[in-house]
Amino acid sequence: MTTNQEFDQVMETCRDLFEMKTKDYGTAWRILRLSSLTDQIYIKACRIRSLQEANEQKIKENEDSEFIGIINYSLMALIQIELGFADKADLTSEKALTHYNVQVKKSKDLMIDKNHDYGEAWRKLRVSSLTDLILQKLLRVKQIEDNQGQTLVSEGIDANYLDIINYSVFALIHLTSKQN
């Protein structure tokens, strides 16, 4: 299977969960400010790192579900960057999914470009390294948020979220290949 196919397969799983949760909860996430989404993603990344380091696990959810959560929350964050946060759940499930798909395409396009330039070097990375890179990106995002979105020479928040999505996809591809 090619990286593009693997990406699509991971995103199909993420999209299905996003769609089902949107039907269950509506788009209540629309009230979240960007910093709240960043913190939610940070919690998930910290849990993954904890699972990777711990000998014991008390909650049944595994790394896979946390990486899926990181992807979906990152896509929500990109939507919030585009639309701004709202005072209420102001999107239909269908409209939310349309925005979701636009952001997935941006993420995939970036992945294709970087894979071309880097020669799919991510395949040689460990899942633990991908987790650390996600945590690093999140700390960068938090710093940019603390700087009111201003950077001097660095890429913006959206570029970091796109990288977080792609690192999470790569981690899920690795985890899936270990299970097979």
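Up top you'll find the structure we're talking about.
Analysis parameters
Residues numbered from 1 in each chain as written. Predicted model: local features only at pLDDT ≥ 70, side-chain atom pairs only at ≥ 80, totals over all residues. Heavy atoms only, no water. Salt bridge = Lys/Arg side-chain N within 4 Å of Asp/Glu carboxyl O. Helix = DSSP H or I, 4+ residues; strand = E, 2+ residues; numbered from the N terminus. Buried < 20%, exposed > 50% of the residue type's maximum accessible area, 1.4 Å probe, protein only. Core = buried A, V, L, I, M, F, W, Y, C linked by side-chain atoms within 4.5 Å. Contact = heavy atoms within 4.5 Å.

Draft legend 1. Focus on the pattern of salt bridges. Considering all chains together, one arrives at 13 salt bridges under this definition. We note a salt bridge from Lys44 to Glu66, for which the minimum N-O separation is 3.0 Å. With a gap of 22 residues between them, Lys44 in helix H2 (residues 34-53) and Glu66 in helix H3 (residues 63-83) connect regions that are remote in the sequence. On the accessibility criterion, Lys44 (15% relative accessible area) is buried. With its nearest N and O atoms 2.8 Å apart, the salt bridge here joins Arg123 to Glu120. Note on Glu120: relative accessible area 26%, which makes it partly exposed. Look at the salt bridges and you will find they share partners, linking Lys114, Lys137, Glu155 and Asp163 into a network.

Draft legend 2. Summary view of the nonpolar core. Counting 45 residues, the largest nonpolar core has Met11, Phe67, Ile71 and Tyr100 as the members making the most contacts within it. Counting only elements with at least two residues in this core, the list comes to helix H1 (3-25), H2, H3, helix H4 (93-118), helix H5 (127-146) and helix H6 (157-179). Ignoring anything within four residues of it in the chain, the contact list for Ile71 reads Val10, Met11, Cys14, Ile165, Ser168, Val169 and Leu172.

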